[in-house]
Amino acid sequence: MTDHTTSRTARAQSIGHALTVAERSFQLLTTGPDPLAIDGRTTTGGHLPQRPIDLHELRELLLAPGIDDPAKDAVWTQLVRRARSSDPAWVIGCVGVAMPGLKNAAARIVRTTPSRHADDIVSELLTEFVAQLPRIDTDRPNIAARLIFWARKGAMRARSRELHPTARDPRELPAPPASHEPAPVELLLQAAQASIITAADAELIIATRLDGLTIQHVARRQGTATKTLYKRRHRAETRMLAAIRDGELRGRRP
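Note that the structure is predicted; figures quoted are calculated from it, not measured.

1. Digging into the nonpolar core
Counting residues in each nonpolar core, the largest one holds 62 residues, and the members touching the most others are Leu-55, Leu-58, Trp-76, Leu-79, Leu-102, Phe-129 and Ile-197. Ranked by residue count, the leading element in this core is helix 7 (residues 143-163), at eight residues. Of all hydrophobic cores here, the second largest spans six residues; its members include Leu-204, Ala-207, Ile-215 and Ala-219.

2. Some words on the pattern of salt bridges
This structure, assessed with the given rule, holds ten salt bridges. Across the pair Arg-51 and Glu-57 runs a salt bridge whose closest N-O atoms are separated by 2.7 Å. The exposure class of Glu-57 is partly exposed, given its relative accessible area of 25%. A salt bridge links Arg-152 to Glu-203, with the nearest nitrogen and oxygen atoms 2.9 Å apart. Linking Arg-152 in helix 7 with Glu-203 in helix 9 (residues 199-210), this pair joins segments that are 51 residues apart in sequence.

3. What about the packing of helix 7 against helix 8 (residues 184-193)?
The relative placement of two packed helices is expressed as an angle between their axes plus a distance between the axes. Relative to each other, helix 7 and helix 8 sit at 130°, their axes nearing to 11 Å. Our classification of the angle between helix 7 and helix 8 gives oblique. Of the two elements, helix 7 crosses helix 8, and the hand of that crossing is left-handed. Along the contact surface, helix 7 presents Phe-149, Trp-150, Arg-152, Lys-153 and Met-156, while helix 8 presents Val-185, Glu-186, Leu-189, Ala-192 and Gln-193. Considered class by class, the residues forming the contact of helix 7 with helix 8 number six nonpolar, one polar and three charged.

4. With respect to the packing of aromatic side chains
Applying the stated criterion to the full structure yields one aromatic pair. Between Phe-149 and Trp-150, the aromatic rings sit 5.1 Å apart at their centres with planes inclined by 70°, giving edge-to-face as the arrangement. Since its relative accessible area comes to 5%, Phe-149 is described here as buried. Overall, the relative accessible area of 25% leaves Trp-150 in the partly exposed class.

Rules used throughout
- Residues numbered from 1 in each chain as written.
- Predicted model: local features only at pLDDT ≥ 70, side-chain atom pairs only at ≥ 80, totals over all residues.
- Heavy atoms only, no water.
- Core = buried A, V, L, I, M, F, W, Y, C linked by side-chain atoms within 4.5 Å.
- Buried < 20%, exposed > 50% of the residue type's maximum accessible area, 1.4 Å probe, protein only.
- Helix = DSSP H or I, 4+ residues; strand = E, 2+ residues; numbered from the N terminus.
- Salt bridge = Lys/Arg side-chain N within 4 Å of Asp/Glu carboxyl O.
- Axes fitted to C-alpha atoms, helices over the stretch in contact; angles between N-to-C directions.
- Parallel < 35°, antiparallel > 145°, perpendicular 65-115°, else oblique.
- Left-handed = near helix turned anticlockwise from the far one by under 90°.
- Contact = heavy atoms within 4.5 Å.
- Nonpolar A, V, L, I, M, F, W, Y, C, P; charged D, E, K, R; others polar.
- Phe/Tyr/Trp six-rings, centres within 6.5 Å; stacked < 30°, edge-to-face > 60°.

Okay, here's the thing in structure tokens:
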């Protein structure tokens, strides 16, 4: 086995260990005679089965084509409200329903991170996700995307902290970087935080520009028209370029 393969395997195992604990707890809470469930009859939009839906099934339904963004937000409004009820089971429920997005975010961040740091970074991703449940504004759209956005931001902070620890001796300070321009993901996070683009726009650009997914793939996954996503991405990128040109974002001038 090559060093590259060993490192990649160790990183995958590290991600798996951090997230598998949460996934295992989620599975325990969503199986058996009394699983965590929401009532599809009380969810607006009419896109869900009109009956109790356990959270494991709910996760699959939210990933299926045909569930539009307002329906997803209606579901997440219920989930967040229950997570705020001081019942820790519903916090785990939220983590479990968001697990596909959390895994994607973790994989992107640790892809270029030494494997020894991966578990701490992914733990911070989960910690920040949970910390945002009491704070997230459920009156604004794209609740899940914004939760993942903040979780990613927490993981990026942990990554920076692990890779660039504070030196106590000036002689230990690292050499200054050759460029002060932020990495693309950091620039997108800045833009979303400044409300230049939305968190969902940032996720779309990351998925299709940096992660190699096609617009068609994302459109099928979201149940959205391909043309709609092309237009959304174009508008978001145009706003970002204007913000960079006007000095609102620290990036390479177009």
